[in-house]
Amino acid sequence: MPHAPIPAPALEAFFLAFWDAWRGVGRTLEAELERELSLDLRAYLTLAVVNDQPPEACQPALLAELLGVPRYEMSRVLAGLEKQGLIVRQESARDARRVEVSLTPEGLEATHAALAVAHRVTQPVLSPLGTPAIEHMTAQLRQVAQLVQVAPPVPVT
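Residues numbered from 1 in each chain as written. Predicted model: local features only at pLDDT ≥ 70, side-chain atom pairs only at ≥ 80, totals over all residues. Heavy atoms only, no water.

> So what exactly am I meant to see when it comes to the overall build of the protein chain here?
For the protein chain, the helix and strand inventory stands at six helices and two strands. Along the protein chain, helices (α) and strands (β) appear in the sequence α-α-α-α-β-β-α-α when read from the amino end. Counting only C-alpha atoms and orienting by the principal axes, one finds that the protein chain spans roughly 50 × 35 × 30 Å. Within the span of the protein chain, comprising 157 residues, buried residues form 24% of the whole. Relative to all contacts within the protein chain whose residues are 6 or more apart in sequence, the contacts with residues 24 or more apart total 48%. Summed over all atoms, the accessible surface of the protein chain reaches about 11,000 Å², with 62% contributed by carbon and sulfur. Distance from the positive charge centre (13 side chains) to the negative charge centre (18 side chains) of the protein chain: 4 Å. (Helix = DSSP H or I, 4+ residues; strand = E, 2+ residues; numbered from the N terminus. Buried < 20%, exposed > 50% of the residue type's maximum accessible area, 1.4 Å probe, protein only. Contact = heavy atoms within 4.5 Å. Areas by Shrake-Rupley, 256 points an atom, 1.4 Å probe, with all protein chains shown as cover. Lys, Arg positive; Asp, Glu negative; His and termini not counted. Charge placed at Lys NZ, Arg CZ, Asp CG, Glu CD.)

Rendered as C-alpha coordinates:
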(Lines give C-alpha, C1' and ligand atoms only; values in the text may rest on other atoms or scores of the structure.)
Protein backbone atom coordinates (compact mmCIF):
# COMPACT_ATOMS: atom_id res chain seq x y z
CA MET A 1 0.00 0.00 0.00
CA PRO A 2 1.66 3.26 -1.12
CA HIS A 3 1.94 6.08 1.36
CA ALA A 4 0.62 9.57 0.72
CA PRO A 5 3.30 12.06 -0.31
CA ILE A 6 4.59 14.26 2.47
CA PRO A 7 3.68 17.91 1.89
CA ALA A 8 6.66 20.20 1.25
CA PRO A 9 6.13 22.29 4.43
CA ALA A 10 6.19 19.14 6.61
CA LEU A 11 9.31 17.87 4.87
CA GLU A 12 11.05 21.23 5.19
CA ALA A 13 10.06 21.43 8.87
CA PHE A 14 11.56 17.94 9.43
CA PHE A 15 14.87 18.90 7.79
CA LEU A 16 15.07 22.18 9.68
CA ALA A 17 14.32 20.50 13.02
CA PHE A 18 16.85 17.76 12.27
CA TRP A 19 19.48 20.35 11.31
CA ASP A 20 18.80 22.53 14.37
CA ALA A 21 18.99 19.51 16.70
CA TRP A 22 22.27 18.40 15.10
CA ARG A 23 23.78 21.87 15.38
CA GLY A 24 22.64 22.28 18.96
CA VAL A 25 23.57 18.87 20.30
CA GLY A 26 25.90 17.16 17.83
CA ARG A 27 28.22 20.05 17.13
CA THR A 28 28.42 21.03 20.78
CA LEU A 29 29.17 17.47 21.81
CA GLU A 30 31.80 17.08 19.12
CA ALA A 31 33.49 20.36 20.10
CA GLU A 32 33.64 19.29 23.77
CA LEU A 33 34.94 15.82 22.90
CA GLU A 34 37.63 17.39 20.74
CA ARG A 35 38.57 19.98 23.36
CA GLU A 36 38.69 17.59 26.32
CA LEU A 37 39.72 14.27 24.80
CA SER A 38 40.98 14.96 21.25
CA LEU A 39 38.16 12.77 19.88
CA ASP A 40 35.68 13.54 17.16
CA LEU A 41 32.15 12.17 17.31
CA ARG A 42 32.96 9.23 15.01
CA ALA A 43 35.90 8.21 17.17
CA TYR A 44 33.78 8.41 20.33
CA LEU A 45 31.00 6.32 18.77
CA THR A 46 33.57 3.79 17.55
CA LEU A 47 34.99 3.46 21.05
CA ALA A 48 31.48 3.09 22.48
CA VAL A 49 30.57 0.39 19.97
CA VAL A 50 33.82 -1.52 20.55
CA ASN A 51 33.15 -1.33 24.28
CA ASP A 52 29.59 -2.65 23.89
CA GLN A 53 30.15 -5.42 21.31
CA PRO A 54 31.54 -8.93 21.73
CA PRO A 55 35.05 -9.32 20.24
CA GLU A 56 33.81 -11.18 17.15
CA ALA A 57 31.65 -8.16 16.24
CA CYS A 58 34.62 -5.81 16.54
CA GLN A 59 36.05 -6.42 13.10
CA PRO A 60 36.65 -3.29 11.04
CA ALA A 61 34.09 -4.22 8.37
CA LEU A 62 31.41 -4.97 10.96
CA LEU A 63 32.18 -1.75 12.83
CA ALA A 64 31.83 0.18 9.58
CA GLU A 65 28.47 -1.46 8.99
CA LEU A 66 27.25 -0.80 12.54
CA LEU A 67 28.24 2.87 12.31
CA GLY A 68 27.06 3.27 8.73
CA VAL A 69 30.36 4.52 7.34
CA PRO A 70 32.44 3.28 4.42
CA ARG A 71 35.17 0.76 5.27
CA TYR A 72 37.93 3.16 4.24
CA GLU A 73 36.57 5.75 6.68
CA MET A 74 36.44 3.20 9.49
CA SER A 75 40.03 2.27 8.68
CA ARG A 76 41.04 5.94 9.13
CA VAL A 77 39.14 6.22 12.42
CA LEU A 78 40.74 3.01 13.73
CA ALA A 79 44.21 4.16 12.66
CA GLY A 80 43.73 7.41 14.58
CA LEU A 81 42.48 5.61 17.68
CA GLU A 82 45.37 3.16 17.47
CA LYS A 83 47.86 6.03 17.15
CA GLN A 84 46.35 7.57 20.31
CA GLY A 85 46.83 4.22 22.09
CA LEU A 86 43.09 3.74 22.63
CA ILE A 87 42.59 0.53 20.62
CA VAL A 88 44.60 -2.37 19.29
CA ARG A 89 43.96 -4.28 16.09
CA GLN A 90 45.10 -7.86 16.19
CA GLU A 91 44.65 -11.13 14.38
CA SER A 92 41.54 -12.99 15.51
CA ALA A 93 42.19 -16.03 17.67
CA ARG A 94 39.20 -17.70 15.97
CA ASP A 95 40.09 -16.90 12.35
CA ALA A 96 43.59 -15.84 11.28
CA ARG A 97 42.13 -14.09 8.20
CA ARG A 98 40.28 -11.59 10.39
CA VAL A 99 41.33 -8.64 12.48
CA GLU A 100 39.61 -7.81 15.74
CA VAL A 101 39.58 -4.46 17.49
CA SER A 102 39.72 -4.10 21.25
CA LEU A 103 40.08 -1.25 23.69
CA THR A 104 43.29 -0.68 25.58
CA PRO A 105 42.99 0.30 29.26
CA GLU A 106 43.48 3.91 28.08
CA GLY A 107 40.73 3.36 25.50
CA LEU A 108 38.33 2.12 28.17
CA GLU A 109 39.16 5.17 30.28
CA ALA A 110 38.64 7.48 27.27
CA THR A 111 35.31 5.78 26.52
CA HIS A 112 34.08 6.43 30.05
CA ALA A 113 35.37 10.01 29.97
CA ALA A 114 33.67 10.62 26.61
CA LEU A 115 30.41 9.22 27.96
CA ALA A 116 30.66 11.65 30.88
CA VAL A 117 31.15 14.52 28.40
CA ALA A 118 28.14 13.29 26.39
CA HIS A 119 26.00 13.21 29.52
CA ARG A 120 27.12 16.66 30.60
CA VAL A 121 26.40 18.17 27.18
CA THR A 122 23.11 16.41 26.45
CA GLN A 123 21.41 16.21 29.85
CA PRO A 124 20.39 19.88 30.03
CA VAL A 125 18.89 19.65 26.55
CA LEU A 126 17.31 16.20 26.62
CA SER A 127 16.29 15.60 30.23
CA PRO A 128 13.34 18.06 30.11
CA LEU A 129 11.86 15.83 27.38
CA GLY A 130 11.92 12.77 29.65
CA THR A 131 13.09 9.25 28.99
CA PRO A 132 9.89 8.02 27.23
CA ALA A 133 10.06 10.89 24.71
CA ILE A 134 13.77 10.31 24.07
CA GLU A 135 13.19 6.57 23.58
CA HIS A 136 10.30 7.30 21.20
CA MET A 137 12.38 9.80 19.23
CA THR A 138 15.28 7.34 19.09
CA ALA A 139 12.98 4.60 17.78
CA GLN A 140 11.61 6.96 15.13
CA LEU A 141 15.10 7.96 14.00
CA ARG A 142 16.16 4.30 13.86
CA GLN A 143 13.11 3.60 11.71
CA VAL A 144 14.11 6.41 9.33
CA ALA A 145 17.65 5.01 9.19
CA GLN A 146 16.35 1.51 8.44
CA LEU A 147 14.02 2.78 5.73
CA VAL A 148 16.89 4.63 4.08
CA GLN A 149 18.92 1.41 4.04
CA VAL A 150 16.02 -0.52 2.49
CA ALA A 151 15.06 2.14 -0.04
CA PRO A 152 17.88 4.69 -0.33
CA PRO A 153 16.97 8.13 -1.65
CA VAL A 154 17.05 8.41 -5.41
CA PRO A 155 20.28 10.18 -6.42
CA VAL A 156 19.95 13.45 -8.30
CA THR A 157 21.39 13.26 -11.81
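Next, the rest of the story.
> Looking at this structure, how should I read the side chain of T122?
When you line up the elements, T122 lands in helix 5 (residues 105-126). Apart from residues lying up to four places away in sequence, T122 is in contact with V25 and S127.

> How should I be thinking about the layout of surface pockets in this particular structure?
Empty space among the atoms becomes visible once a probe the size of a water molecule is rolled across them. Put simply, the largest pocket is a space of about 2,600 Å³. Lining the largest pocket are 46 residues, with F18, M137, T138, L141 and R142 positioned closest to its centre. Looking at the lining of the largest pocket, the elements with two or more residues in it are helix 1 (8-37), helix 2 (41-52), helix 3 (60-67), helix 5 and helix 6 (131-150). Ranked by residue count, the leading element in the lining of the largest pocket is helix 6, at 13 residues. Its residues assigned to classes, the lining of the largest pocket comprises 31 nonpolar, eleven polar and four charged. (1 Å grid on protein atoms, 1.4 Å probe; cavity = no way out; pocket = protein on both sides within 12 Å on 5 of 7 lines; lining within 4 Å. Points joined across faces, edges and corners; volume = space filled by probe spheres on them. Nonpolar A, V, L, I, M, F, W, Y, C, P; charged D, E, K, R; others polar.)

> Honestly, unusual backbone geometry in this entry has me stumped. Any pointers?
Most peptide bonds take the trans form, and the phi angle of most residues other than glycine is negative. With a phi close to 55°, S38 is a non-glycine residue in the positive phi region. Positionally, S38 belongs in the loop between helix 1 and helix 2. Of the residues examined, S38 reaches a relative accessible area of 45% and is grouped as partly exposed.

> I'm lost on the nonpolar core in this one. Help?
Within soluble globular proteins, side chains that are nonpolar generally end up buried alongside one another. Judged by nonpolar contacts, the single largest core of 26 residues is most densely connected at L33, L39 and L81. Those elements that place two or more of their residues in this core are helix 1, helix 2, helix 3, helix 4 (71-83) and helix 5. The element that contributes the greatest number of residues to this core is helix 2, accounting for seven residues. Other than its neighbours up to four places away in sequence, L33 contacts S38, L39, D40, L41, Y44, A114 and V117. (Core = buried A, V, L, I, M, F, W, Y, C linked by side-chain atoms within 4.5 Å.)

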